[in-house]
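Overview (structure and organization)
Each chain, letter by letter, is given below.
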Amino acid sequence: MHLRNRLRLLAVSGLALLTVSASLPPAAAGTSQSRHPSGGGLSAVIRYTEYGIPHIVAKDYANLGFGTGWAQAADQVCVLADGFLTVRGERSERFGADAAPDGSLSSATKNLSSDLYFRGVRESGTVEKLLKLPAPQGPSRDAKEMMRGWAAGYNAWIAQNRITDPACRGASWVRPVTQLDVAARGYALSVLGGQGRGIDGITAAGPPASAPAARGVSPADAAEAAQRLLSTQNADMGSNAVAFNGATTANGRGLLLGNPHYPWQGGRRFWQSQQTIPGELNVAGASLLGSATMSIGHNANIAWSHTVATGVTLNLHQLTLDPADPAVYLVDGKPERMTKRTVTAPVKDGAPVTRTQWWTRYGPVVTALGPGLPLPWTATAAYALNDPNATNLRASDTALGFSRARSTAGIESALRRTQGLPWVNTVAADSSGHSFFSQSQVLPRITDDLAQRCSTALGRATYPSSGLAVLDGSRSECALGSDPDAVQPGIFGPGRMPTLKDTSYVENSNDSAWLTHAGQPLTGYERVFGTIGTPRSMRTRGAVEDVAALAGKGRLTVADLQDQQFANRAPAGDLVAADVADACAALPGGVATGSDGTSVDVSAACPVLRDWDRSVDTDSRGALLFDRFWRKATAVPAAQLWKVPFSAGDPVRTPHTLNTSAPGVTAALADTVKELRASGIALDAPLGGHQFVVRNGKRVPVGGGTESLGIWNKTEPVWNAAAGGYTEVSAGSSYIQAVGWDGSACPVARTLLTYSQSSNARSPHYSDQTELFSGERWVTSRFCEKDIARSPGLRVVRVREGR
């Protein structure tokens with residue numbers, strides 16, 4: 001109680017800075033900074049420890065949001081301001097209509113389509129209406145107070161500080177924000193997998209006479225396109241997470257390793273902090289930029305992470321149109337007129353652009369989902385997009401529920417109560433030794449029976465292949481219906497979510513829930529959640545092998561989790577590298593024919609592949625060669641690539657045995673050797689010399705590897721032959737946490753924010769954790785007060801509104 005009272009004083013008293021400073025060593029106290037604004041308003045105390053990690057203390061949720069908004073702005077003001085331009089629909093006015101957004105908040109390919117969509121959201125009052133819904137349908141008072149406080153904190157920072165980041169220094173578009181802006185950013189993240197996928201098609205849609213005719217695709221081609229579009233294996237967001245229960249650990253307590261894979265630049269970065277309301281809340285972890293709550297993290301009793309789930313968060317309704325008017329559709333033979341939403345977007349150096357969007361009872365009319373899946377609006381048919389997350393502003397309450405939970409049962413309770421997660425699974429462990437997995441998503445209530453009864457010809461192709469349902473919108477009997485335990489109509493209730501508890505491990509690497517534990521497969525869920533009995537990705541196969549071996553070994557500690565993160569084992573290399581080396585050595589004269597028909601001497605590649613250590617550490621020689629080869633070889637159809645096909649009875653070990661005589665395998669080797677030589681890269685070059693990021697002119701080597709290699713520590717650079725190889729890493733491991741408990745009041749936690757806290761090259765925290773990541777070193781979490789107070793160079797700041 002004494003500590004609780006001391007913390008409360010620290011957060012709310014005018015003597016807060018003096019109180020904290022007096023408890024510090026003289027050197028640390030001397031670094032403190034105090035602000036003495038006039039008047040009242042919101043305030044917080046921020047204690048900065050190593051690597052610029054803020055520990056924010058406040059008396060209530062509004063003040064906690066204030067401190068969080070302030071501290072995020074200090075690190076990421078330019079990225080945040082850019083995102084607020086997006087959700088306000090002001091990108092074209094500032095940067096031009098044809099420029100591209102960074103893709104953080106939608107799939108829009110141009111600023112104009114982004115603006116037309118988000119202005120439509122704003123002008124229709126969509127987010128305001130959701131804010132007014134009573135909890136649990138809408139956000140709770142605590143969540144709204146955090147949004148309000150976040151906006152005030154962001155505004156206070158930009159009013160009281162000079163921006164040094166060249167990305168927006170002096171820019172007029174860095175402006176104050178409102179609670180509505182913060183909520184709108186959360187809304188954009190919520191619909192990212194639904195309406196956010198179709199923004200170009202929503203804003204370009206028009207009746208046949210008013211819009212260019214779009215060409216459709218065959219159902220078979222649509223099925224393939226939908227599979228590519230909705231695959232979790234080729235996206236810029238992914239993740240691994242594993243929780244071990246007490247039966248596998250050294251002390252009977254749980255363990256969690258979270259390894260989310262997110263973009264390294266732009267507005268979908270994580271930002272690390274600790275949030276404390278004395279006696280109410282104490283949680284550490286990472287938030288997505290612009291979020292007031294903790295996205296993933298741990299408190300004294302539980303730890304959780306998320307992985308991008310396979311559930312398809314949207315569906316289509318195929319409309320039957322009135323032959324006399326393509327803006328009228330029929331339901332049970334009765335006409336319903338579409339609602340017009342006319343939106344105007346200002347454009348830099350040009351006239352404003354006005355477009356009309358068309359809305360139905362099912363959602364907006366859409367004429368495409370990405371370039372590969374056109375959905376033409378003809379005189380007789382059109383497609384409407386249903387996105388249940390368009391009425392979901394509850395993710396903040398789910399996060400608050402996790403932050404306050406004291407066990408995995410509390411995690412499950414928060415999921416059931418709020419149903420706020422749009423596109424992720426949850427993996428958690430607690431100090432009592434429990435493990436937990438749940439694919440608790442907000443998904444359209446598409447049962448296999450409904451799809452069987454109501455799919456159109458297009459849906460009969462796309463639903464089995466990808467989980468994208470296309471239902472007959474002309475029949476009311478094809479409505480989605482409701483589960484009695486669901487928070488909102490038209491979605492699955494908590495009782496339908498694939499869930500697994502208290503097994504030796506629960507693991508997910510962006511495949512479906514089926515092999516969460518290989519020995520206890522999850523089945524019985526609808527196709528919209530994901531597949532059952534189908535091939536797993538190489539990353540899932542490698543991850544299941546690794547975690548099952550760890551669970552079997554037992555006596556696990558946080559150190560074992562750290563070893564797993566940086567093992568950098570390449571499962572694809574273990575499977576095929578020796579066979580490729582042998583096939584290489586057997587080529588007559590060491591010559592292979594490339595895909596363009598040219599002969600290439602590949603003999604120098606054979607010993608490199610044979611001697612490669614099958615890892616993707618920065619000093620691994622042969623890793624780059626195999627990486628470039630395997631990316632090309634996997635273009636060979638699986639039926640030809642493997643001698644032993646996939647078996648649902650042995651899903652972790654199959655398919656296997658490379659068919660080196662398959663067309664394309666040796667061609668891939670020839671193309672790779674030719675490619676590397678053309679770029680001036682030695683075949684045995686160490687990986688870190690060519691997989692890197694640049695920080696203030698210095699190359700920082702980065703280990704890890706691409707999706708198809710099956711690497712836990714995923715790293716995705718971009719190949720640019722003209723630039724001589726890989727450009728900087730664009731996505732991969734982001735906020736990593738390895739968490740356990742030892743019976744004390746303080747969790748045992750090691751963390752890494754791979755790309756560091758700040759995007760500002762002038763910040764001391766622009767590359768410090770990136771250097772750690774490069775060296776496979778960790779940050780020891782300072783969760784308890786005694787540990788925060790012992791931080792070398794502790795800096796304490798009291799922040800308030802006004803001056």
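None of the values given here were measured: they were computed from a predicted structure.

A word on the overall build of the protein. Within the protein, the regular secondary structure consists of 24 helices and 34 strands. Taking 803 residues into account, the globule formula puts the C-alpha radius of gyration at 28 Å, and the protein, at 27 Å, falls close to it. For the protein, with 803 residues in total, the buried portion stands at 62%. Within the protein, contacts between residues at least 6 apart in sequence are counted, and of these 69% link residues at least 24 apart. Counting only carbon and sulfur atoms, one obtains 52% of the accessible surface of the protein, whose full area is about 28200 Å². Computed over 76 positive and 67 negative side-chain charges, the separation of the two mean positions in the protein equals 6 Å.

The element strand β3 (residues 53-57) is extensively covered by neighbouring structure, given that five of its five residues are classed as buried. With burial as the criterion, each face of β3 is covered, one bearing Ile53, His55 and Val57 and the other bearing Pro54 and Ile56. Linking strand β2 (residues 43-49) back to β3 in an antiparallel pair, the connection comprises three residues, with tyrosine 51 at a positive phi of about 65°. With three bridges joining them, β3 and strand β7 (residues 270-277) adopt parallel strand pairing. Opposite valine 57, over in β7, you have threonine 276 as the bridge partner.

This paragraph deals with the confidence of the model for the protein. For the protein, the average pLDDT comes to 94, and 94% of its residues sit at 70 or higher. Across residues 1-39, confidence stays below pLDDT 50; counting only partners more than four residues off in sequence or on other chains, it has 63 contacts.

As a further point, take the environment of glycine 194. Tracing the chain through its elements places glycine 194 in the loop between α9 (179-190) and α10 (199-203). Separated by 179 residues in the primary sequence, glycine 194 and leucine 373 place their C-alpha atoms 14 Å from one another. Glycine 194 has contacts with Thr313, Leu314, Leu385 and Asp387, leaving out every residue within four places of it along the chain.

Moving on: the side chain of threonine 706. Relative to the elements of secondary structure, threonine 706 occurs in the loop between β28 (698-701) and β29 (715-720). Not counting residues within four places of it along the chain, the set of residues in contact with threonine 706 comprises Asp627, Arg631, Ile711, Thr715 and Glu716.

Each value, and the rule that gives it
- Residues numbered from 1 in each chain as written.
- Predicted model: local features only at pLDDT ≥ 70, side-chain atom pairs only at ≥ 80, totals over all residues.
- Heavy atoms only, no water.
- Helix = DSSP H or I, 4+ residues; strand = E, 2+ residues; numbered from the N terminus.
- Rg over C-alpha atoms; globule rule 2.2 N^0.38 Å.
- Buried < 20%, exposed > 50% of the residue type's maximum accessible area, 1.4 Å probe, protein only.
- Contact = heavy atoms within 4.5 Å.
- Areas by Shrake-Rupley, 256 points an atom, 1.4 Å probe, with all protein chains shown as cover.
- Lys, Arg positive; Asp, Glu negative; His and termini not counted.
- Charge placed at Lys NZ, Arg CZ, Asp CG, Glu CD.
- Pairing = 2+ DSSP bridges.
- pLDDT = per-residue confidence, 0-100.

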